[in-house]
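# Remarks on the overall topology
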Amino acid sequence: MKRIQVAQDLTFSQVVSGFMRVLDSGKTGRETLDFVENCLDMGVTTFDHADIYGNYGCELFFGENVLKKRPELRRRMEVVTKADIVLPGTRGNEILYYDTTRDHLIKRAERSLANLGTDYLDMFLLHRPDPLMDPGEAGAALDELIDTGKIRYAGVSNFNPMQTAALQKHMKHRLVVNQVQLSVCAPEVLFDGTMDEAHMERRAVMAWSPLAGGRIGGENGRPELWRELDCIARQRGTGVEQIMLAWVLRCPGPVCAVSGSFRPERIRQAAEACRLELSRLEWFRLLQASRGFPVP
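So, a few notes on the structure that sits alongside this text. (Residues numbered from 1 in each chain as written. Predicted model: local features only at pLDDT ≥ 70, side-chain atom pairs only at ≥ 80, totals over all residues. Heavy atoms only, no water.)

## So, the packing of helix 8 (residues 223–236) against helix 11 (residues 280–291)
Interaxial distance between helix 8 and helix 11 falls to 8 Å at its minimum, and their mutual angle equals 160°. As far as their axial angle goes, helix 11 and helix 8 are roughly antiparallel. Classified by chirality, the crossing of helix 11 by helix 8 is left-handed. Across the interface between the two elements, E224, L225, E228, L229, C231, I232, Q235 and R236 of helix 8 pack against E282, R285, L286, A289 and S290 of helix 11. A breakdown of the residues in the contact of helix 8 with helix 11 according to their chemical character gives 6 nonpolar, 2 polar and 5 charged. (Axes fitted to C-alpha atoms, helices over the stretch in contact; angles between N-to-C directions. Helix = DSSP H or I, 4+ residues; strand = E, 2+ residues; numbered from the N terminus. Parallel < 35°, antiparallel > 145°, perpendicular 65-115°, else oblique. Left-handed = near helix turned anticlockwise from the far one by under 90°. Contact = heavy atoms within 4.5 Å. Nonpolar A, V, L, I, M, F, W, Y, C, P; charged D, E, K, R; others polar.)

Next comes the structure, spelled out in structure tokens:
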């Protein structure tokens, strides 16, 4: 499995295992532990969480069934989590909202540590840009978490370049990751300055939903894009999903793809995509099929 450089002393596997839907997967605790061990054996060492996943239950499930059962596995993996979303009902609130205040970020990071069964997080991300965020307060909270050893590094998720720059301006530590939606179906971050800012500031990019949630085929899918994907997959002797992942991983800079599957064979197939490099022509054929028009 290829690895990407995130910071001077931190690398991620190019395929990341996302735990957003572990409680929906039907896996038992024992099966989840087996899955994690299979991932580690295949070189998938980075695991992506968020405090709200599974209505605040996924981190705890991972901690109780993986790291608290097999604490020695911790040194073989990188743990990523996110915070700042407050789900409805959490504080008597009827709607979802964001909270990037110092108290909330510190408390959520500490709760994640307890839930996951670890004494440090490799990466802590602000989950969504908060229009009420005081970048000085949020930045100081992230710096404090790093200085106290609770997190190794900080980053953002779904931030545009100006939002990232505003937060970075108020921090002494560098933001090293932006986790964004990126797939052949959703290439917008390649053209709105997000990827350019990541290159300029040497930030790694974590692509969520790299397979577009499996919504390309079928009656409500993208038939033109599907045909192009299928054509290239046949020419390459591989599957459509591998081509979709290869398209994402062909983007320049340190890029990794977050897989939401809990089937070991799907992780194995994703690992195969890391060894598949699309040509420029193949990449642009898929971009054109996705957008419906050629590049200028």
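So, next bit.
## What to know about the pattern of salt bridges
Throughout the structure, instances matching the rule amount to 23 salt bridges. One salt bridge connects D51 with R108, and the closest N-O pair in it is separated by 3.1 Å. In this pair, D51 sits in the loop between strand 4 (46–48) and helix 2 (53–56) while R108 sits in helix 4 (residues 102–116), placing the two residues 57 residues apart along the sequence. Among the residues examined, D51 registers a relative accessible area of 1% and is labelled buried. Here the residues in one salt-bridge network are R30, D34, E37, R70 and E72, joined through shared partners. (Salt bridge = Lys/Arg side-chain N within 4 Å of Asp/Glu carboxyl O. Buried < 20%, exposed > 50% of the residue type's maximum accessible area, 1.4 Å probe, protein only.)

## What to know about the sheet that holds strand 8 (residues 121–126)
Ordered by their spatial adjacency, 8 strands build a closed barrel running 3-4-5-8-9-10-11-12, and the pairing between neighbours is parallel. Averaged over all adjacent pairs, the angle separating strand axes in this sheet is 30°, with direction ignored. Pairing analysis gives 3 bridges linking strand 4 to strand 5 (residues 78–83), with the strands arranged parallel. The residue of strand 5 that forms the bridge with F47 is V79. (Pairing = 2+ DSSP bridges.)

## Things to note about the packing of aromatic side chains
Evaluated as defined, the whole model comprises 8 aromatic pairs. Here F19 and F47 contribute two aromatic rings whose centre-to-centre distance is 6.0 Å and whose plane-to-plane angle is 65°, an arrangement assigned as edge-to-face. Of this pair, F19 sits in the loop between strand 3 (15–18) and helix 1 (29–41) while F47 sits in strand 4, and the two are 28 residues apart along the sequence. Judged on exposure class, the residue F19 and its partner F47 are both buried. Against the face of Y120 rests R74, its NZ or CZ located 4.0 Å from the ring centre. (Phe/Tyr/Trp six-rings, centres within 6.5 Å; stacked < 30°, edge-to-face > 60°. Lys NZ or Arg CZ within 6 Å of the ring centre and 35° of its normal.)

## A look at the packing of helix 1 against helix 3 (residues 58–67)
At a minimum axis separation of 9 Å, helix 1 and helix 3 run at an interaxial angle of 75°. Viewed along their axes, helix 1 and helix 3 adopt a mutual orientation that is roughly perpendicular. Of helix 3, the residues touching helix 1 (which contributes G29, T32, L33 and V36) are F61, F62, N65 and V66. Residue classes in the contact of helix 1 with helix 3 are distributed as 5 nonpolar, 3 polar and no charged.

## Examining unusual backbone geometry
Even without glycine at this site, D84 takes up a positive phi of about 135°. The residue D84 is located in the loop between strand 5 and strand 6 (85–86) in this model. On the accessibility criterion, D84 (0% relative accessible area) is buried.

## Overview of the environment of F262
Tracing the backbone through its elements, the reader meets F262 in the loop between strand 12 (255–259) and helix 10 (264–273). What makes F262 buried here is its relative accessible area of 8%. A C-alpha to C-alpha distance of 31 Å links F262 and Q288, two positions 26 residues apart in sequence.

## Overview of the pairing of strand 9 (residues 151–157)
In terms of residue burial, strand 9 counts as a mostly covered element, since 6 of its 7 residues are buried. Bridge count for strand 8 against strand 9 is 5 bridges, and the pairing is parallel. Counted as the bridge partner of L126 is V156 from strand 9. A crossover connection joins strand 8 to the parallel strand 9 through helix 5 (residues 135–147); in handedness this β-α-β unit is right-handed. Looking at chain direction, strand 9 and strand 10 (residues 175–181) are connected through 3 bridges and run parallel. Paired with S157 across the two strands is Q179, which belongs to strand 10. (Right-handed = clockwise from strand over helix to strand, strands pointing away.)

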